[in-house]
Amino acid sequence: MSTDTHTTHDAEDDDRNRDIKIYVNGDLVHRDEAKVSVYDSGFMLGDGMWEGMRLYNGVWAFFDEHMDRFFESCKAVSLDVGMDRAGILNALSKTAEANGMITDVHCRLMLTRGVKVKPFQHPSLSRTGPTLVVIMEHSKPAEALQSQGIRLATVPQVRGFPMSQDAKYNSHSKLNCVIACLQAEQAGADEGLMLDPYGFVNTTNACNFFIVRKGAVWTSTGDYCMNGVTRQKVIDLCRANGIEVHERNYSLVDAYGADEAFLTGTFGAQTPVDEIDGKIIGTGDRPVTARIRALYKELVLANTGTS
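1. What about the sheet that holds strand S2 (residues 27-30)?
Move 1: A sheet is described by the order of its strands in space; here six strands give the open sequence S2-S1-S6-S5-S3-S4, paired in antiparallel fashion. Strands at the two margins of the open sheet, each flanked by one partner only, are S2 and strand S4 (59-60).
Move 2: With eight bridges connecting them, strand S5 (residues 105-112) and strand S6 (residues 131-138) associate as antiparallel partners. If you follow Val105 over to S6, its bridge partner there is His138.
Move 3: Contacting strand S1 (21-24), S2, strand S3 (48-56), S4, S5 and S6, helix H3 (residues 85-98) runs over the sheet at an angle of about 40° to S6.

2. A short note on empty space enclosed by the protein
Move 1: Enumeration over the complete set of coordinates arrives at one cavity of 30 Å³ or more.
Move 2: Every residue lining the largest cavity is listed: Met53, Arg54, Tyr56, Ala61, Phe62, His66, Val229, Thr230, Thr266 and Tyr296.
Move 3: Those elements giving two or more residues to the lining of the largest cavity turn out to be S3 and helix H7 (229-240).
Move 4: It is S3 that contributes the most residues to the lining of the largest cavity, three residues altogether.
Move 5: Residue classes in the lining of the largest cavity are distributed as six nonpolar, three polar and one charged.

3. Here's the deal with the packing of aromatic side chains
Here the distance between the centres and the angle between the planes together describe a pair of aromatic rings.
Move 1: Counted according to the given criterion, the structure contains seven aromatic pairs.
Move 2: A centroid spacing of 6.0 Å and a plane angle of 80° characterise the contact between Phe161 and Tyr224, whose relative ring orientation is edge-to-face. Of this pair, Phe161 sits in the loop between strand S7 (150-154) and helix H5 (162-165) while Tyr224 is found in the loop between strand S11 (216-219) and H7, placing the two residues 63 residues apart along the sequence.
Move 3: Both rings, one in Phe210 and one in Phe262, keep their centres 5.0 Å apart while their planes meet at 5°; by these two values the pair is stacked.

4. Some thoughts on the packing of H7 against helix H9 (residues 287-303)
Move 1: Following both chains from N to C, one finds H7 and H9 inclined at 105°, their axes separated by 10 Å at the closest point. Taken together, the axes of H7 and H9 are roughly perpendicular relative to one another. In contact with Thr230, Lys233, Val234, Leu237 and Cys238 of H7, H9 contributes Ile292, Leu295, Tyr296 and Leu299.
Move 2: Its residues assigned to classes, the contact of H7 with H9 comprises seven nonpolar, one polar and one charged.

Calculation rules
- Residues numbered from 1 in each chain as written.
- Predicted model: local features only at pLDDT ≥ 70, side-chain atom pairs only at ≥ 80, totals over all residues.
- Heavy atoms only, no water.
- Pairing = 2+ DSSP bridges.
- Helix = DSSP H or I, 4+ residues; strand = E, 2+ residues; numbered from the N terminus.
- Contact = heavy atoms within 4.5 Å.
- Axes fitted to C-alpha atoms, helices over the stretch in contact; angles between N-to-C directions.
- 1 Å grid on protein atoms, 1.4 Å probe; cavity = no way out; pocket = protein on both sides within 12 Å on 5 of 7 lines; lining within 4 Å.
- Points joined across faces, edges and corners; volume = space filled by probe spheres on them.
- Nonpolar A, V, L, I, M, F, W, Y, C, P; charged D, E, K, R; others polar.
- Phe/Tyr/Trp six-rings, centres within 6.5 Å; stacked < 30°, edge-to-face > 60°.
- Parallel < 35°, antiparallel > 145°, perpendicular 65-115°, else oblique.

And the structure:
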């Protein structure tokens, strides 16, 4: 087993990121000067929502889908965004322009409930209005991941029931996933494969998970995981292009015996999985994954008007 550690967010080094400007509540400041208060709800409690997005040739891919999720999540936790979609787009545009960014850019948009008057939990103590931060980096996924693939380890940390903390929230409260990542690292893997409360294969600590068996694509029901934008695009592409696809319960034995496996996420699009719990997946050929990657690339080009 290789001891090299990878993540699904491995990117090519880019020295330009040392001097990026970050958007903090309307101000654009050098990354070394970008700060929020220690009384901020996000820092103190993880009370906030975020989105990850990609910029291709000046256009944010699947912007509406990301904003649907972002605004719905904020509404669900009574978090006032403080602006509409046009305002968010303006903040993104200002940040990209200030950094001279056009393509191969990754953005983390973060909104918290704002600065508290006292260091306690109650949301009413956040009285300054929301804190909005936009971090953009020149970020191109490392090509090596496409040939090497990711190593997964099944971890004891699970994605729980919605009445505990619904995994559909893209919240700042990511400790559950961080613990899963640590457990995977301690097992000598790159990322943790998380089960649902009933023991079915669910997702990883950072991405959605798919397998391919006899040409058919399987993923979880989506009941206990973040319903990723890229996840849904892959499902839609399969349905539109004659690739059999199932959202279903399945167990580890199905995953171990898969012909292919891959992860989906905004940053890496589709990242192949090489092994799970030390078991090599398939024979190394990934024709279905390759076809989905090609279809997804075409979809991004069409969505961003660059085809």
